[in-house]
Amino acid sequence: MKIIQVKTILTSPNQNYLFVKAVTDSGIYGVGDASLNGREKAVADLIDTYLSPLLIGRDPEQIEDFWQLVYRGSYWRGGNIIMSALCGIDMALWDILGKSAGKPLYALLGGKVRSKVLCYSHVLGKSQEDKIAQAAEYVRERGLKVIRLRAGLPAANGTFGVTQNQDSPKIESWNPEDEIMNTVEYFIRVREAVGKKIGIIYDLHERFSPDQAVRILRRIEDYDPFFIEDPVAPDCADSLRYVREKTIAPIAFGELYKSRWECLPAITGRWIDFLRCDVIRIGGITEARKIAALAETYDIKTAWHGPNDVSPITHAVNWHLNVSEYNFGIQEDGTTDGLIHQVISGGPVYQDGYLIMEERPGIGCDIDEDAAAQYPFRKAYIPVCRQEDGSLNNW
Ligand code: CS2
Ligand code: MG
């Protein structure tokens, strides 16, 4: 079997997504997700100009070798653009492998160790009052066992305003000192609203400095968070260690990591309890298996990044990883938005606090190219945060 065509499909049903379709001479094709919120076209160009020519004519079963060819063979090691492009192709190759073997992806990864996947959803709303009401409703009406809150910024809901054509990023103001007590109060009020048995995840979204994060964590650790996500930015590994040493709250980290080697200090130092890399950002399934195995060695669980800016293809890949990994912890469920399901079929669905999925060979998703063409790409940016003096803050 040989690859004869590689297509990139850029589409914007709810927001922008970038898909890869790799077609073989046997008629079997694979699909992958290379979406990179805010920089999709750069990834598409890398695939079209540089990576597709390397793939055409190759045996699709040589997945590891292709991964190394892109990672090491580029000489320049991967960043977000390269790793996302590599992921789109890597997923498509695993999909082809599954389809040609007639087996779902999880079977190729070693088979199931569980049948359903514990998940959490984002609590949204304009005001703190709305969010507290929604948290209680999620638990009462939808049966969620774990919910996720995010510190501050009303526009950090849903698609963050990236649904329109934009010529520059939306600017949101942020005063971290002022937000410390609001952040603490919000968590405690939600705990009171949902009761003791519901897991509460709190995403601080790299928005506070290490000392500020510690002041928040020390005040909420007694209210039993399921985990605190991204208390600090990933750039300085010692900041994470500093926070870790000062709190008993479980810590989840890693959606901005781009490789196994970036994860290494947090894993080998056991500074985290949950590793939540984004499978697209680390170069796909090939790398996710290695990172998961590394985390397992250190008793660290996985919580793969799964917001609504990755597509059902990535949610499906996460699901296959989750059911086949021993050290699964929890899965972020960003599968709820509507229009993307006109373009991509398949993928996990929510049921009573868990994700389940209909089983098909490969990843189990397909792309409707005509539907994708109905939703042309719209240039959009992730918002940025500025403090009152105008300086940029991590968003
Ligand atoms: C967030 C993301 O899901 C999460 O935990 O941190 O929603 C993140 O803000 C987006 O993926 C950015 O595009
Ligand atoms: Mg996050």
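Note that the structure is predicted; figures quoted are calculated from it, not measured.

Here's the deal with the environment of glutamate 192
So, point 1. Along the chain, glutamate 192 falls in helix α6 (residues 176–194).
So, point 2. The exposed category is assigned to glutamate 192, whose relative accessible area is 61%.
So, point 3. The sequence separation of glutamate 192 and cysteine 119 amounts to 73 residues, and the corresponding C-alpha distance is 21 Å.

A word on the domain arrangement of the protein
So, point 1. In terms of domain boundaries, the protein breaks down into domain 1 (3–103) and domain 2 (107–393).
So, point 2. Each of domain 1 and domain 2 has a C-alpha centre, and these two points are 24 Å apart.
So, point 3. Listed per partner, the contact involves 45 residues of domain 1 and 49 residues of domain 2.
So, point 4. Buried area between domain 1 and domain 2, both sides added, is near 4100 Å², and the carbon and sulfur share of it is 60%.
So, point 5. The largest per-residue losses of area from domain 1 upon contact with domain 2 belong to Asn14, Asn37 and Trp94, which jointly make up 16% of the total buried on that side.
So, point 6. The tally of links from domain 1 across to domain 2 stands at three salt bridges.

Quick look at the nonpolar core
So, point 1. Core analysis: the largest hydrophobic core is formed by 120 residues, its most contacted members being Ile147 and Leu275.
So, point 2. No fewer than three residues from each of domain 1 (3–103) and domain 2 (107–393) sit in this core.
So, point 3. Beyond its immediate chain neighbours, meaning those up to four positions away, leucine 275 contacts Phe253, Tyr257, Cys263, Ile267, Ile291, Ala295, Ile300, Lys301, Thr302, Ala303 and Trp304.

Observations concerning the sheet that holds strand β6 (residues 171–173)
So, point 1. One open sheet accounts for three strands, arranged β6-β17-β18; its pairing is mixed. The sheet is open, and its two edges are formed by β6 and β18 (392–393), each paired on a single side.
So, point 2. Pairing between β6 and strand β17 (residues 384–386): three bridges, direction parallel. Within β17, the residue paired with isoleucine 171 across the bridge is valine 384.

Here we look at the site of ligand 1
So, point 1. The immediate surroundings of ligand 1 are formed by 16 residues, with Asn37, His205, Glu229, Glu255 and Glu332 found nearest.
So, point 2. At a separation of 2.9 Å, an oxygen atom of ligand 1 approaches a polar side-chain atom of asparagine 37.
So, point 3. Here glutamate 255 contributes a side-chain N or O atom positioned 2.5 Å from an oxygen atom of ligand 1.
So, point 4. Relative to its free-state accessible area of 340 Å², ligand 1 is covered by the protein chains to the extent of 94%.
So, point 5. A majority-of-atoms criterion places ligand 1 in the largest pocket.
So, point 6. Taken together, the residues of the shell around ligand 1 sort by class into four nonpolar, four polar and eight charged.

What counts and how
Residues numbered from 1 in each chain as written. Chains lettered and ligands numbered in written order. Predicted model: local features only at pLDDT ≥ 70, side-chain atom pairs only at ≥ 80, totals over all residues. Heavy atoms only, no water. Helix = DSSP H or I, 4+ residues; strand = E, 2+ residues; numbered from the N terminus. Buried < 20%, exposed > 50% of the residue type's maximum accessible area, 1.4 Å probe, protein only. Domains from an automatic or database assignment. Contact = heavy atoms within 4.5 Å. Buried area = accessible area lost by both parts, 1.4 Å probe. Salt bridge = Lys/Arg side-chain N within 4 Å of Asp/Glu carboxyl O. Core = buried A, V, L, I, M, F, W, Y, C linked by side-chain atoms within 4.5 Å. Pairing = 2+ DSSP bridges. Near = heavy atom within 4 Å. Polar contact = N/O pair within 3.5 Å; in protein donor to acceptor, adjacent residues only side chain to side chain. Areas by Shrake-Rupley, 256 points an atom, 1.4 Å probe, with all protein chains shown as cover. 1 Å grid on protein atoms, 1.4 Å probe; cavity = no way out; pocket = protein on both sides within 12 Å on 5 of 7 lines; lining within 4 Å. Sits in = over half its atoms within 2 Å of the grid points. Nonpolar A, V, L, I, M, F, W, Y, C, P; charged D, E, K, R; others polar.

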